[in-house]
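Listed here are the chains, written in short residue letters.
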Amino acid sequence: MTAISRDFATEANLNALFWPADSEDPTTLPSIQVGGVQVFVYVDPCSASLRVSVHLDETAPELLTEKETVRMQINVGDNDVFVAH
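Residues numbered from 1 in each chain as written. Predicted model: local features only at pLDDT ≥ 70, side-chain atom pairs only at ≥ 80, totals over all residues. Heavy atoms only, no water.

Draft legend 1. Expanded view of the nonpolar core. Core analysis: the biggest nonpolar cluster contains six residues, these being Phe8, Ala12, Val37, Val39, Ala60 and Leu63. Elements supplying a minimum of two residues to this core: helix H1 (6-14) and strand E3 (37-44). (Core = buried A, V, L, I, M, F, W, Y, C linked by side-chain atoms within 4.5 Å. Buried < 20%, exposed > 50% of the residue type's maximum accessible area, 1.4 Å probe, protein only. Helix = DSSP H or I, 4+ residues; strand = E, 2+ residues; numbered from the N terminus.)

Draft legend 2. Inspection of the side chain of Gln33 at higher detail. With respect to the element layout, Gln33 can be found in strand E2 (residues 31-34). A residue is classified by how much of its surface remains accessible, and Gln33, at 15% relative accessible area, is buried. A distance of 3.4 Å separates a polar side-chain atom of Gln33 from the backbone oxygen of Gly36. Gln33 has contacts with Ala16, Leu17, Trp19, Gln38 and Glu58, leaving out every residue within four places of it along the chain. (Polar contact = N/O pair within 3.5 Å; in protein donor to acceptor, adjacent residues only side chain to side chain. Contact = heavy atoms within 4.5 Å.)

Draft legend 3. Representation of the pairing of E2 within the structure. Burial along E2 is one-sided: Ser31 and Gln33 are buried, while Ile32 and Val34, pointing the other way, are not. Pairing geometry for strand E1 (residues 17-19) and E2, over three bridges, is antiparallel. Each residue of the ladder has a partner; that of Trp19, found in E2, is Ser31. Here E2 pairs with E3 via four bridges, running antiparallel. Considered in E3, the bridge of Ile32 is made with Val39. (Pairing = 2+ DSSP bridges.)

Next up, the structure:
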C-alpha cells in the first residue's frame, strides 16, 4: 500500500472545492472535489434515495495505487460501509 504524505493530505483538504446545484439549471447536482476526485451527493428522485457518485477522472497521482485504483473508506455514522485498498 502506498502512503500519501501528510503535506499532500493537508493541501488537498485545504484546497477542496464545493459546487452547489445551480438554481437556474435543475439538471446540475451539488459536488465537492478533493485531490482531483469529484464526489456528487444528491437526492435521487428516481430511486428515492441519497446517492453518492464518485468520479475519478482527474484524480491526483498521489492518490492512485500501483494498480491505478484509489483507496477509499466510506462511513455512515461511525460504521464503515465500504473499504477498498
